[in-house]
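One letter stands for each residue in the lines below.
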Amino acid sequence: MPRTILVADDDPNIRQLLVFALGKAGLDTIEAADGEAALAEVAARRPDLVVLDINMPRMDGLEVCRRLRSDGDTPILFLSSRDDEIDRVLGIELGADDYVVKPFSPREVVARVMAILRRTHAHPPTVESAGALIRHGRLTLDIEGWQARWAGVDITLTVTEFSILRTLAVMPAKVFGRDAIIDRLHGPGFAVTDRTIDSHIRNLRAKFAERGGTDVIETRAGIGYRLGACSGEAA
């Protein structure tokens, strides 16, 4: 069945542009012109992904994201008019999956939407067997269930956060540069800034640190990231 995308933006021209582009890519779309309408559509229609403008009337996109995150893990792609909002958009408070800065190319938005959907519905990598769990110290990843646990406690991650952690966990001895992580998530040649990856890494660390997971991801200065000891002991 075609995936359904909610396009939430108060500018009807932007909505029309994105609805047309997403439709050409084989995706079903629904629209919302403000934040309250976006929440109502999510509750009623359960879209597979939300394209969410930050600056909307009645309720801005940041508040919509907070409410969606408190109630589930629907993937979110933000539309932002300012590049310096990335840390707020992708940070621990919100946890969006990706963002695009206006003005944007409709093809770029479609590409990022498709990349998030592929991660959401991708076949998991073979670790031991189909549906295998990856265990490393106190960390457990249920690959098919897209669930992370620390010392048996569920940790709620976005699609992108889980994908990054899975990438590191499948090859725990390997140090992944930012470009290598981007390639694993989106495929070669996909344009994502280093700041985007760094923001997701900070988000992951903060979520696990709340449960005592202070050594989940290790930074190798000037190289990249790899899975940490996951012992719960500070480095």
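Read on for an overview of the structure. Within each chain, residue numbers correspond to sequence positions counted from 1 in written order. Local features in this predicted model are restricted to residues of pLDDT 70 or higher, and side-chain atom pairs are both shown and tallied only at a pLDDT of 80 or more, whereas totals for entire chains, interfaces and linings draw on every residue. The side-chain numbers reported here are obtained from all heavy atoms of the structure, hydrogens and water having been left aside.

### Re the pattern of salt bridges
Charged atoms that come close allow side chains of opposite charge to pair.
In step 1: What makes a salt bridge here is a side-chain nitrogen of Lys or Arg within 4 Å of a carboxyl oxygen of Asp or Glu, nothing more. Inspection of every chain in the model, using the stated rule, returns 15 salt bridges.
In step 2: The salt bridge partner of E36 is R58, with a shortest N-O separation of 2.7 Å. Of this pair, E36 sits in helix α2 (residues 35-45) while R58 is found in the loop between β3 (49-53) and α3 (61-71), placing the two residues 22 residues apart along the sequence.
In step 3: Whether a residue is buried, partly exposed or exposed follows from its accessible area with a 1.4 Å probe, protein chains only, as a fraction of its type maximum: under 20%, in between, or over 50%, in that order. Using a relative accessible area of 60% as the deciding quantity, one classes R58 as exposed.
In step 4: Between D154 and R149 there is a salt bridge, and its shortest N-O distance comes to 2.9 Å.
In step 5: Judged by relative accessible area, which is 43%, D154 ranks as partly exposed. Put simply, DSSP marks the helices as runs of H or I at least four residues long and the strands as runs of E at least two long, and each gets a number from the N terminus on.

### Quick look at the sheet that holds strand β9 (residues 153-155)
In step 1: Strand pairing is defined by DSSP finding a minimum of two bridges between the two strands. If you walk across this open sheet you meet the 4 strands as β6-β7-β8-β9, and the pairing is antiparallel. Only two strands of the sheet have a single partner each, and these edge strands are β6 (133-136) and β9. Neighbouring strand axes in the sheet, compared pairwise and without regard to direction, differ in orientation by 25° on average.
In step 2: Here 3 bridges tie strand β8 (residues 147-150) to β9, and the two strands are oriented antiparallel to one another. Counterpart to W150 in the pairing with β9 is V153. In this analysis an axis means a line fitted to C-alpha atoms, helices contributing only their contacting stretch, and an angle means the value between N-to-C directions, from 0 to 180 degrees.

These figures capture arrangement, not role.
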